[in-house]
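# Overview (structure and organization)
Residues per chain, in single letters:
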Amino acid sequence: MKDTLFILSTFIAFILVFYYLAHRYPTAKKLFAYFSVAILLIYIFWRGFFTLPFNSPLSTFIGVIFFIAEVVGLIVFSLFILLIHDYSPICTTNINVDTSFTPSVDFLICTYNEDIRLVMATANIAKVLPYPNKKIFICDDGHRPEFESLCRKFGFYYISRPTNEHGKAGNINYALSKTNGEFFVVLDADFMVKENFIFRAITKFKDESVALVQYPQAFYNKDPFQLMNNSLYNEQELFMRFFEPALARNNALIHIGTNSIMRRSAIEKIGGIPTDSITEDMATGLLLQENGYKTIYINEVYALGITPYNVHDLAAQRQRWARGAIQVFRHHSPFKMKGLSIKQKLCYYNSLFYWLTSFQKLIYMIVPSLFLIFGIFIVNSNLKSFLLFFIPPLLLITLSFRLYIPDIRTLSTSHIYDSFVAPIHASAIIKELFIHEKVFKVTRKDVSFDTKFDYKTVMPHIILTIWLIIAVIIGLIKIFIGSANSLGLILSVGWSIFNLYGLIFAISAAKTREVINDADALSIVIDESVAYDDQVFKIDRFNYNGFRMIDLNSKTSSLFKLNDMYIFKILNYDIEISTRCLSINNTNAVFTFENLNPEEADKLSKFYSMKLYTHKPVNFCEQYTE
């Protein structure tokens, strides 16, 4: 045993020194990735040839399933590390855009059931972008007559098709048949774009082989986990900030359906937006790449949108993505596409394996409990072999997370997110294998004003938690009475407690956090003043819908009456806005914008966009580099 501990400690010391050098030297950082993958391959070899249990047919069956789950997880992790190990964020500041290249661009803002005020704000911010040759189209699958009149008033084009077949893909294809811009922007109804959204990307299309330029998704509100813990990052940040740029370097980026500019002729060449998957965006990018087009990713935030506020809507969104991914691979198998390189195919299959890791996570949760409760062996190893072959890979995985992914994600936060999505993804994939869903369902992103607990969404997590608690209790009893295989019992109890940690966090997110006056949602904190009746008033909250006035007293508050109309001037900006009083008391008042004319709306949109991106700067280099 002393020899084993000496070898182990020496190897751990070597890994730590290597890790230190990898932090300081780019070459060592690259070599550390290959070294980590090599050790993981040795671990897989050891597990497959020396540790499978043969105590009984049931033990062998479960042990093999557990081993396969490990292999899938380690493949995904290894490919991920190899993709991002040499990626460094490019800090882009003070970008000089080329304003001489101005081909025609159509904005296609797709909407179904979103709030009309939100959609109009999105359209108006796009309208005031400093780009001359553009048109704004609101593609309304909700068939709302009031939209058409608002479009006429504010200078937008309104498109509403007779039927709603093929969901968003059908909506875009119909809009393309009614428009003629050389390029078009696909924009979800809740994404508000930043100045130079077009100019920053359009010059990429001087290269005739470029068909798609994609910006990341970023959000100006918090998801359920961020509402629970302010220190957490949005769950999509890892994909948007690290994985997607790595895929793009291999021309295998995954189109995300919004915040993109596309070449019309390229889309026409692939037969339009694919309609055989509820994630038409992923299929679109895949077909463009298969036809030899380039797809470019600009890892800078030029559009902010809304992420789901509660676990119900978040789960529905993830289920749709999981089912859509399976549909894409069913109808457009990358393996059979001759136009894709081996690297591109590996990138796409790694993305597919990601969805399959939901089953891996569930197996990791359940299998240790089977040993605790029923004594079913899953790994056949002695202590010496376990220490030598298990500890170094575990350490390398932990250090790789710290080395290649800054504070945006840790093993702990990954465990929490994965514990939440595992039952959701797995159930969606199983359903898709037996029930082929083709109906596109818009993800609801409504603000919640109650604090109810969503038991239904997290019921699988609750059942798993109860099961693991029972398993831990039984395991502790067996350890206490001195049962055989005490090492296996101790490890399984520790593993199950770690799984409980992730599940309890996931369940906790089901308690809807109250959003007061949408201040934590769509509003931005500002320090500005407005004038009315020769008096100046401070405002502290502002959004596309209105603002809140503060520091009133009994005298000043008497100037305003509920539901009456008032015209304010935003000081220092020469903006007059028509409003209606929504609420009033002795200290503050809330006003909503109403009866705005096009000129007022344009000025207000510029002001809100400027303040939005000032309030929520999403500079990659400032946030995520060490």
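Quick note: structure is the one above.
Residues numbered from 1 in each chain as written. Predicted model: local features only at pLDDT ≥ 70, side-chain atom pairs only at ≥ 80, totals over all residues. Heavy atoms only, no water.

### Observations regarding the overall build of the chain
Counting secondary structure elements, the chain contains 20 helices and 16 strands. The proportion of buried residues among the 626 residues of the chain is 55%. The contacts in the chain between residues at least 6 apart in sequence include a share of 77% that link residues at least 24 apart. A total of about 27800 Å² of accessible surface is found on the chain, and carbon and sulfur atoms cover 60% of it. Taking the average place of the 59 positive charges on the side chains of the chain and the average place of its 54 negative ones, the gap between the two points comes to 6 Å. (Helix = DSSP H or I, 4+ residues; strand = E, 2+ residues; numbered from the N terminus. Buried < 20%, exposed > 50% of the residue type's maximum accessible area, 1.4 Å probe, protein only. Contact = heavy atoms within 4.5 Å. Areas by Shrake-Rupley, 256 points an atom, 1.4 Å probe, with all protein chains shown as cover. Lys, Arg positive; Asp, Glu negative; His and termini not counted. Charge placed at Lys NZ, Arg CZ, Asp CG, Glu CD.)

### Points about the sheet that holds strand 14 (residues 565–570)
The strands making up a sheet associate through hydrogen bonds between their backbones, and the pairing can be parallel or antiparallel. The sheet built from six strands closes into a barrel, its strands ordered 11-12-13-16-15-14 with antiparallel pairing. On average, adjacent strands in this sheet sit at an angle of 45° to one another, irrespective of strand direction. Of the pairings in the sheet, the one linking strand 12 (residues 535–543) to strand 13 (residues 546–550) comprises five bridges and is antiparallel in character. Bridge pairing links Phe542 to Phe547 in strand 13. (Pairing = 2+ DSSP bridges. Axes fitted to C-alpha atoms, helices over the stretch in contact; angles between N-to-C directions.)

### Topic: the sheet that holds strand 5 (residues 192–193)
With respect to topology, three strands assemble into an open sheet ordered 5-10-7, the strand pairing being mixed. At either end of the open sheet lies a strand with only one pairing partner, and these are strand 5 and strand 7 (218–219). Summarising the sheet, strand 5 and strand 10 (residues 303–305) pair through two bridges and their orientation is antiparallel. From the neighbouring strand, Val193 faces strand 10, where its bridge partner is Ala303.

### Brief notes about the packing of aromatic side chains
Per the counting criterion, the structure on display carries 53 aromatic pairs. Here Tyr566 and Phe591 contribute two aromatic rings whose centre-to-centre distance is 6.0 Å and whose plane-to-plane angle is 90°, an arrangement assigned as edge-to-face. Highlighted residues: Tyr566 in strand 14 and Phe591 in strand 16 (residues 589–593), separated in sequence by 25 residues. Looking at Tyr566, the relative accessible area reads 6%, which means it is buried. (Phe/Tyr/Trp six-rings, centres within 6.5 Å; stacked < 30°, edge-to-face > 60°.)

### Examining the environment of Pro224
Along the chain, the position of Pro224 falls in helix 8 (residues 224–228). Ignoring sequence-local partners within four residues, the contact set of Pro224 consists of Pro308, Tyr309, Asn310, Val311, Leu314 and Ala509.

### Digging into the side chain of His255
With respect to the helices, strands and loops of the structure, His255 is situated in the loop between helix 9 (237–249) and strand 8 (260–263). Look at His255 and you get buried, because its relative accessible area is 3%. Here the side chain of His255 touches Gln214 through a polar contact of 2.7 Å, side chain to side chain. In terms of polar contacts, His255 uses its side chain to reach the backbone amide nitrogen of Gly257, at 3.5 Å. Those residues in contact with His255 that lie beyond four places of it in its chain are Leu212, Gln214, Ser260, Met262, Asp281, Met282, Thr284 and Gly285. (Polar contact = N/O pair within 3.5 Å; in protein donor to acceptor, adjacent residues only side chain to side chain.)

### Structural notes on unusual backbone geometry
In this structure, Asn259 is a non-glycine residue whose phi angle is positive, near 60°. Of note, Asn572 is a non-glycine position whose phi angle comes to about 75°, a positive value. Here Asn572 lies in the loop between strand 14 and strand 15 (575–584). By relative accessible area, which is 76% here, Asn572 ends up exposed.

### Examining helix 14 (residues 383–404)
With 22 residues, helix 14 should cover 32 Å at 1.5 Å per step; its first-to-last C-alpha distance of 31 Å lies within 8% of that length. When the local axis directions of helix 14 are compared, the greatest deviation, roughly 25°, occurs at Phe390, which is followed within four positions by the proline Pro392. Buried residues in helix 14 make contact with helix 1 (2–24), helix 2 (26–50), helix 3 (57–84), helix 9, helix 15 (411–434) and helix 17 (486–508). Two or three places before Lys384, at the opening of helix 14, Asn382 has a side-chain oxygen 3.3 Å from that residue's backbone nitrogen. (Expected span 1.5 Å × (residues − 1). Bend = angle between axes of the 7 residues up to and from the residue.)

### Looking at the side chain of Ser414
Looking at the secondary structure, you find Ser414 in helix 15. Sequence-distant contacts of Ser414, that is, excluding residues within four places in its chain, are made with Phe401 and Arg409.

### Some details on the pairing of strand 16
The side chains of a regular strand alternate between the sheet's two faces. The element strand 16 is largely enclosed, with a buried count of five among its five residues. Neither face of strand 16 is open: one carries Ala589, Phe591 and Phe593, the other Val590 and Thr592, and all of them are buried. Of the pairings in the sheet, the one linking strand 13 to strand 16 comprises four bridges and is antiparallel in character. For Arg548, the partnering residue across the bridge sits in strand 16 and is Val590.

### What about helix 13 (residues 342–374)?
When the terminal C-alpha atoms of helix 13 are compared, their 45 Å separation across 33 residues agrees well with the 48 Å that a helix rising 1.5 Å per residue should span. Downstream of helix 13 by a residue or two, Gly375 has a phi angle that is positive, lying close to 75°.

### So, the pairing of strand 13
By the criterion of burial, strand 13 is predominantly enclosed, with four of the five residues buried. Remark: two residues form the turn of the hairpin made by strand 12 and strand 13, two consecutive strands paired antiparallel.

### Concerning the environment of Met120
Relative to the elements of secondary structure, Met120 occurs in helix 4 (residues 116–127). Distance in space between the C-alpha atoms of Met120 and Phe147 is 8.6 Å, their sequence separation being 27 residues. Among all residues touching Met120, those that are not within four sequence positions of it are Ile138, Phe147, Leu150, Phe154 and Phe156.

### A few points about the packing of helix 15 against helix 17
It is at 8 Å that the axes of helix 15 and helix 17 come closest, and there the two elements cross at 65°. In terms of orientation, helix 15 and helix 17 fall into the roughly perpendicular class. The two elements helix 15 and helix 17 meet at a crossing, and its hand is right-handed. Packed against helix 15, whose contacting residues are Ser412, His415, Ile416, Ser419 and Phe420, the element helix 17 presents Phe498, Asn499, Tyr501, Gly502, Leu503, Phe505 and Ala506 at the interface. Looking at the contact of helix 15 with helix 17, its residues break down into seven nonpolar, five polar and no charged. (Parallel < 35°, antiparallel > 145°, perpendicular 65-115°, else oblique. Left-handed = near helix turned anticlockwise from the far one by under 90°. Nonpolar A, V, L, I, M, F, W, Y, C, P; charged D, E, K, R; others polar.)

### Some thoughts on the packing of helix 4 against helix 19 (residues 598–615)
Viewed as axis vectors pointing N to C, helix 4 and helix 19 meet at an angle of 90°, and their least axial separation amounts to 9 Å. When the interaxial angle is binned, helix 4 and helix 19 end up roughly perpendicular. Counted together, Asn124, Ile125 and Lys127 of helix 4 and Ala601, Asp602, Ser605, Tyr608 and Ser609 of helix 19 form the full contact between these two elements. Of the residues in the contact of helix 4 with helix 19, the class split is three nonpolar, three polar and two charged.

### Some thoughts on the pattern of salt bridges
In this structure the tally under the stated criterion is 20 salt bridges. Across the pair Glu432 and Arg323 runs a salt bridge, and its minimum N-O distance is 3.0 Å. Highlighted residues: Glu432 in helix 15 and Arg323 in helix 12 (residues 311–331), separated in sequence by 109 residues. When sorted by exposure, Glu432 lands in the same class as Arg323, which is buried. Sharing partners across several salt bridges, the network here consists of Arg117, Arg580 and Glu594. (Salt bridge = Lys/Arg side-chain N within 4 Å of Asp/Glu carboxyl O.)

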